[in-house]
Amino acid sequence: MAPRASWKGYLRLSLVSCPVRLYPATSTSDRITFNQLHKDTHNRINMKPVDPELGLVERSDLVKGYEYEDKKYILIEDSDLESVKIESNHTMNIEAFVEEETVDVIYRDAPYYLAPDGAMAEETFIVLREALRRTGKLAIARLVLSSRERVVTIGPRETGMFVCTLRNPNEVRRTADYFGNIPVGNPDPEMLELAEALIKQKVTVFDPKNYEDRYEAALMKMIREKLKGHKPIIAAAPERGNVINLMDALKASLSQAKPPAPSKSKAKVEPAAPQTAKTAATKRAPAKSAAKKKA
């Protein structure tokens, strides 16, 4: 069964246009989710709308309201929303082209795939796709998704195109609110060199298969055990150990670090145990006992 398009319309550049379909590029349907049940009956709980004066109400009696002041609303009818018609309802009009690196990653939101809608659209679609590929640019356009106009970027991806919605500037928080009190600082040159060397040892090619969601996997394992009638095994948290000097930690990490295996996608590297006062004392114990024997 073919995937269902979340938007259908026209991709237009100046006087050139072609019908296209937009598909979500990601899915969360495989994520583990939980339902709320009553603790005694184990029946699934229904969330019903409640009016403070009337109690339970029917969903058919609900209307949309915009809060323009505290606890003051203006009612919005479906006809009001229908009257707000803009071109991007059915047309993805390309307004400009930019360098990809100029689009800050913090503004990138939801990813989509764009494909031609029918064989008649393929020639125009391919011309626009290859023009973007050759110039190395991203197109900036607008379209309406879920009753809201979104600014998007469009770029080539394999035989199709990749669309990414962009967050509105007022949705992005200022870094000064979080980083303002962090000093620029001048790190110790030796420690900086050790940190850079440690980074070089761990450089690899990114493969998402190597970074599975371990919590999700542990959840599924626990659920399967419960289905068998077994009690879930709760792993104890690792012992934290004592904090050691930053310079010593960098040197120890550098000596213990091993380059990642690029070919084995599921290779697991056991992390080195942190050096604590207890482990250090254990290592020194044999030397002490040997000294006694010699005496």
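What counts and how
Residues numbered from 1 in each chain as written. Predicted model: local features only at pLDDT ≥ 70, side-chain atom pairs only at ≥ 80, totals over all residues. Heavy atoms only, no water. Helix = DSSP H or I, 4+ residues; strand = E, 2+ residues; numbered from the N terminus. Buried < 20%, exposed > 50% of the residue type's maximum accessible area, 1.4 Å probe, protein only. Contact = heavy atoms within 4.5 Å. Areas by Shrake-Rupley, 256 points an atom, 1.4 Å probe, with all protein chains shown as cover. Pairing = 2+ DSSP bridges. Axes fitted to C-alpha atoms, helices over the stretch in contact; angles between N-to-C directions. pLDDT = per-residue confidence, 0-100. Salt bridge = Lys/Arg side-chain N within 4 Å of Asp/Glu carboxyl O. Core = buried A, V, L, I, M, F, W, Y, C linked by side-chain atoms within 4.5 Å. Expected span 1.5 Å × (residues − 1).

Colleague: Give a detailed account of the overall build of the protein, specifying residues and quantitative values.
Modeller: The number of helices and strands found in the protein is seven helices and eleven strands. Buried positions account for 17% of the 295 residues belonging to the protein. A fraction of 63% describes how many contacts in the protein between residues 6 or more apart in sequence connect residues 24 or more apart. As displayed, the protein has an accessible area near 24,700 Å², and 55% of this comes from carbon and sulfur atoms.

Colleague: Tell me what's going on with the pairing of strand β8 (residues 108-116), and back it up with residues and numbers.
Modeller: Where strand β2 (residues 16-24) lies against β8, five bridges are found, and the strand directions are antiparallel. Counted as the bridge partner of Tyr23 is Tyr113 from β8. Inspection of the sheet shows β8 paired to strand β11 (residues 160-166) by five bridges, in the antiparallel sense. Each bridged residue has a counterpart across the sheet, and for Tyr113 the counterpart in β11 is Phe162.

Colleague: If you had to explain the sheet that holds strand β10 (residues 148-157) to someone new, which residues and values would you point to?
Modeller: Whether parallel or antiparallel, the strands of a sheet pair through hydrogen bonds between backbone atoms. Spatially, seven strands are ordered β1-β2-β8-β11-β10-β9-β7 in a closed barrel, and the strand pairing comes out mixed. Put simply, the sheet's adjacent strands are angled 40 degrees from each other on average, direction ignored.

Colleague: Run through the confidence of the model for the protein, naming residues and quoting values.
Modeller: When pLDDT is averaged along the protein, the result is 81; 80% of the residues meet or exceed 70. Ranking the elements of the protein by mean pLDDT puts helix α7 (residues 277-294) last, at 43, and β11 first, at 96. Within the model, pLDDT remains below 50 along residues 265-295, and this stretch shows 13 contacts once partners closer than five positions in the same chain are excluded.

Colleague: Which residues make up the pattern of salt bridges, and what are the values?
Modeller: Summed over all chains, the structure comprises 14 salt bridges. Between Glu130 and Arg129 there is a salt bridge, and its shortest N-O distance comes to 2.7 Å. A salt bridge links Glu149 to Arg142, with the shortest nitrogen-to-oxygen separation between them at 3.5 Å. Looking at Glu149, the relative accessible area reads 35%, which means it is partly exposed. We classify Arg142 as partly exposed; its relative accessible area is 32%. Through salt bridges with shared partners, one network takes in Glu95, Arg142 and Glu149.

Colleague: Could you give me a rundown of the environment of Glu101, with the residues and numbers involved?
Modeller: Within the fold, Glu101 resides in the loop between β7 (91-99) and β8. Overall, Glu101 belongs to the exposed group, its relative accessible area being 65%. Linking Glu101 and Leu138, residues 37 residues apart in sequence, is a C-alpha distance of 9.5 Å.

Colleague: Mind laying out the nonpolar core, listing which residues take part and the relevant values?
Modeller: By size, the foremost hydrophobic cluster in this structure holds 21 residues, and its most contacted members are Leu11, Leu22, Met92, Leu114, Ile154 and Met161. Elements supplying a minimum of two residues to this core: β1 (7-13), β2, β7, β8, α2 (122-135), β9 (137-145), β10 and β11. Every residue in contact with Met92, bar those within four places of it in the chain, is listed here: Trp7, Tyr10, Leu11, Arg12, Leu22, Leu114, Ala141, Arg142, Leu143 and Ile154.

Colleague: Before we move on, can you summarise helix α5 (residues 214-227) with the specific residues and values?
Modeller: The terminal C-alpha atoms of α5 lie 20 Å apart, and with 14 residues this matches the ideal 20 Å at 1.5 Å per residue to within 8%. Among the residues trailing α5, Gly229 stands out with phi positive, at a value near 90 degrees.

Colleague: So what about the side chain of Thr153? Which residues, and what values?
Modeller: Looking at the element boundaries, Thr153 is found in strand β10. By relative accessible area, which is 8% here, Thr153 ends up buried. Those residues within four positions of Thr153 in sequence are excluded, and the remaining contacts are Val103, Leu138, Ala139, Ile140, Phe162, Val163, Cys164 and Leu166.

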